[in-house]
Structure formats: structure tokens, C-alpha cells
Amino acid sequence: MYKTTFAIAGLAGATMSFAAQAQTTWNMSVVWPEGNFHTQNALQFADAVEEVTGGDVVINVQSGGALGIKGPEGMAAVRDGLVPIADILMNQQVGEAPILGVETLPYLAPTMSDLALLHKFYRPKVEEVAESMNQKLLYMVPWPGQAVYSENEIQSIDDLSGLQIRVVDANGHDYFEALGAAPLQMPWGEVVPSLAAGTISGVTTSSSSGVDGAFWEFLDHMSTFNWQASSNIVTVNLDAWNSLDAEDRAAIEETAAALEGEFWLNSAREDAEKIATLEDNGMTVTSPSPELQDELLARATPLWEAFMERVPDSREYIDQYLEAKD
């Protein structure tokens, strides 16, 4: 009897040990603070993954850059297995793959409906790039449109002259240079310290990041240019992904696809809520006049052709999108 009891206990212990060993835990790199809606999306995704895999896969969301991965390092870090999974600002990865800068061309896809149409043609290429860098794309979610934050109200192109403004990527640098500003490319983690130090006197970013950075402490005006689309992608290292059993992989893919639409709606709601927060904290929020809007677009479109000449494999996706949009 005692032998049987010990045998059952031993079997139970072995089973529990095996279950513990079978559980996969991934630390997820996120550079945004916990309150940011992309981080909140990641937390919701992590909860859903744990549920649909029956606890086989646990994702620990490490927000605020806690894992030491800076924005432009995101895809390389996942590729090399430094982190198994990450939330990544796609346009900061152009150093690894220039074609990932397509959606950030100024005024190419200025609305969410435009961006959704662009993704219809462009997303398969993003997935291909991810696979070539040893990772799988799980979902992609846009930011609200890119605004311009400044000390003074921007009423004309002349108001941008010489403005030392932070931009995210090369497309932003080229555009604001064409507008007569003095752009500086930098990742998010450097923005608030640069504002505090006076290194920059303007920022182009979303309403979400304006609240994250409490920009009202440094600047007085925000203009809703909505000049650039940009998306975050969540990718997982292929070695980590392929180590999961097929049932868990299928469940995670289905979950990512199901949540992506909801995350897009979160982005749309986010813009209105964060603009209200900026105003509540004393920022003056304006929109470009029709005359300024026309000039902004006129300065933007030559950059599309320049990009396609510089990144030839982008042309087919841009042409397909523009043809469908017309």
C-alpha cells in the first residue's frame, strides 16, 4: 500500500515537474510606458495567449524599455534571440530593411482607412522581411496620426523655418528638411531629455506620445498635421516560435488575428482621448489651414518618387495602393 502511495505521489510529482518544464515563458520587449495603448494592447494579448494555450505560453510584458532594447534595435534583437518577442516601431527598422519605411512616406496614407488599404498590398512584404530576419509577424497596429509640437503656433511653412524638431525616421528627416526645418532623428527614449536640455524645440509624434512625455511641460502648441502613418509590429523569434507545439502556434495566430482589429479601434479612440488630455493640460491644439495643408502635400509628393528610386522594390506596393485608392 505504501509502495503504491509513494509510486502515485512520485508519478504526480513527475507530472507536475514535466508540466512546469513544458511551460514556455517569453519576456516581451516594449519601449513604451505601461500606460501607452500599445503596451496595454500587449498586456491584453499576453493575457489572451496564456488563456488560449492553457498556460503553456506565458508572455511577460516588460514595458518602458526595461530589457534595455532601444527602438531601432527591435528587429535585430528578436532576430538574434536577445529577446524572444517584441513590440517594434516598424519605421525605426529601416536600417535593417529600407522597405519598412513605405508607410511613413509623408501624406501617402494619412488616414486609417488609407493605411488599411496600403496594408492590403504591403503587409505580405512586411511578413517576408520578418521571416528573412528569423521572426514571425503576429500583429501590426497603427499609431494615431503624427502631429507637430512646438513652442509657437504653426500657421504657415515659414513658421517651420529652422525649427529643431525631433523626427523618427529618414522619411521624416527628408520631409521636414524640405519644409525648411532642422530635423534631428532620435528614438523615443531620448526625446524628453532632449526637450529638457533644449536640444530640440519641436517634436513630431502622435497624441499618445505627447501625453506619455507630458509635452505641456516644455511646449505650448500641437498642430494635427496627420502627415505620416506609422505602425508597430509584434514579432516573435522563429526559433522560439517553432519550439512551440502546433496547437499552441495555431491558437496564438488566431488570437493575434482576432485582437488586431480591436487594437486598431483602440488606436482610433486613443487619438481623441489624448488630444483632450493635452488640451486639459494647457496645450493649444490646432489644425493646418487649407492653404497650409495644400503646401504640406505639395512638399511631400516628390519624396514618394525619390523613395521608390532609392528602394526599388517598394514601387510595386506603392503603385498598387495608389491605383486602388484612385
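Every chain is numbered independently, its residues counted from 1 as its sequence is written. Whole-chain, interface and lining totals are the exception, using all residues; otherwise, since this is a predicted model, local features are given only for residues with pLDDT of at least 70 and side-chain atom pairs are given and counted only at 80 or more. The side-chain figures draw on all heavy atoms in the structure; neither hydrogens nor water molecules are used.

Chemist: For this particular structure, what's the right way to read the packing of helix α4 (residues 112-132) against helix α9 (residues 246-280)?
Modeler: The angle between the axes and the distance between the axes are what describe a pair of packed helices. Axis geometry follows a simple rule: fit a line to the C-alpha atoms, using only the stretch in contact for helices, then measure angles between N-to-C directions, giving values from 0 to 180 degrees. Under the DSSP-based scheme used, a helix requires at least four consecutive residues in state H or I and a strand at least two consecutive residues in state E, with every element numbered from the N terminus. At a minimum axis distance of 12 Å, the contact between α4 and α9 shows a crossing angle of 145 degrees. Remark: the crossing between α4 and α9 carries right-handed chirality. Residues Met 112, Leu 115, Ala 116, His 119 and Arg 123 of α4 pack against Glu 260, Trp 264, Ser 267 and Ala 268 of α9. Each residue gets one label: Ala, Val, Leu, Ile, Met, Phe, Trp, Tyr, Cys and Pro are nonpolar, Asp, Glu, Lys and Arg are charged, and the others, such as Gly, are polar. Here the contact of α4 with α9 is composed, by residue class, of 5 nonpolar, 2 polar and 2 charged. Note on convention: the crossing is left-handed when the near helix lies turned anticlockwise from the far helix by less than a right angle, right-handed when the turn is clockwise. Every residue pair with non-hydrogen atoms within 4.5 Å of one another is taken to be in contact.

Chemist: It is not clear to me how the nonpolar core should be interpreted in this structure. Could you clarify?
Modeler: As a rule of thumb, soluble globular proteins bury nonpolar side chains together. Nine residue types can take part in a nonpolar core, namely buried Ala, Val, Leu, Ile, Met, Phe, Trp, Tyr and Cys, and a core is a set of them joined through side-chain atoms within 4.5 Å. Categorising residues by exposure relies on relative accessible area from a 1.4 Å probe, with only protein chains included: less than 20% of the type maximum marks a residue as buried, more than 50% marks it as exposed, and the intermediate range marks it as partly exposed. Residues Phe 45, Ile 59, Leu 138 and Tyr 139 are the most contacted members of the largest nonpolar core, which totals 81 residues. Apart from residues lying up to four places away in sequence, Phe 45 is in contact with Ile 59, Ile 85, Leu 138, Tyr 139, Ile 252, Thr 255, Ala 256, Leu 259 and Phe 263. By size, the runner-up hydrophobic cluster in this structure holds 18 residues, among which are Val 148, Phe 176, Leu 179 and Ala 181.

Chemist: Looking at this model, I keep getting lost on the sheet that holds strand β10 (residues 231-237). Mind explaining?
Modeler: Each pair of strands is called paired provided DSSP finds at least two bridges between the two strands. An order of β2-β1-β3-β10-β4 is seen for the 5 strands of this open sheet, with the pairing classed as mixed. The two strands at the open ends of the sheet, each matched to only one other strand, are β2 (57-62) and β4 (135-142). Put simply, the sheet's adjacent strands are angled 20 degrees from each other on average, direction ignored. Of the strands in this sheet, β1 (24-29), β2, β3 (85-89), β4 and β10 are in contact with helix α2 (residues 37-52), which crosses β2 at around 165 degrees. Contacts from α9 reach β2 and β4 within the one sheet, and its direction differs from that of β4 by about 20 degrees.

Chemist: For this particular structure, what's the right way to read the environment of Gly 64?
Modeler: Its location among the elements puts Gly 64 in the loop between β2 and α3 (74-79). The sequence separation of Gly 64 and Val 30 amounts to 34 residues, and the corresponding C-alpha distance is 6.2 Å. Contact partners of Gly 64, with chain neighbours within four places excluded, come to Val 30, Val 31, Trp 32 and Pro 33.

Chemist: How do you make sense of the pattern of salt bridges when you look at a structure like this?
Modeler: Pairing between side chains of opposite charge can happen when their charged atoms approach one another. Any Lys or Arg side-chain nitrogen located within 4 Å of an Asp or Glu carboxyl oxygen qualifies as a salt bridge. In the structure shown here, the tally under the stated rule is 11 salt bridges. With a shortest N-O distance of 2.8 Å, Asp 80 and Arg 79 are connected by a salt bridge. Owing to a relative accessible area of 48%, Asp 80 belongs among the partly exposed residues under this scheme. Classification of Arg 79 as partly exposed rests on a relative accessible area of 29%. Arg 315 is the salt-bridge partner of Glu 305, the closest N and O atoms lying 2.9 Å from each other. With Glu 305 in helix α10 (residues 290-310) and Arg 315 in helix α11 (residues 315-325), this residue pair connects regions lying 10 residues apart in the sequence. For Glu 305, a relative accessible area of 35% translates into the label partly exposed. Judged by its relative accessible area of 29%, Arg 315 is partly exposed.

No statement about biological role is implied by the geometric values presented.
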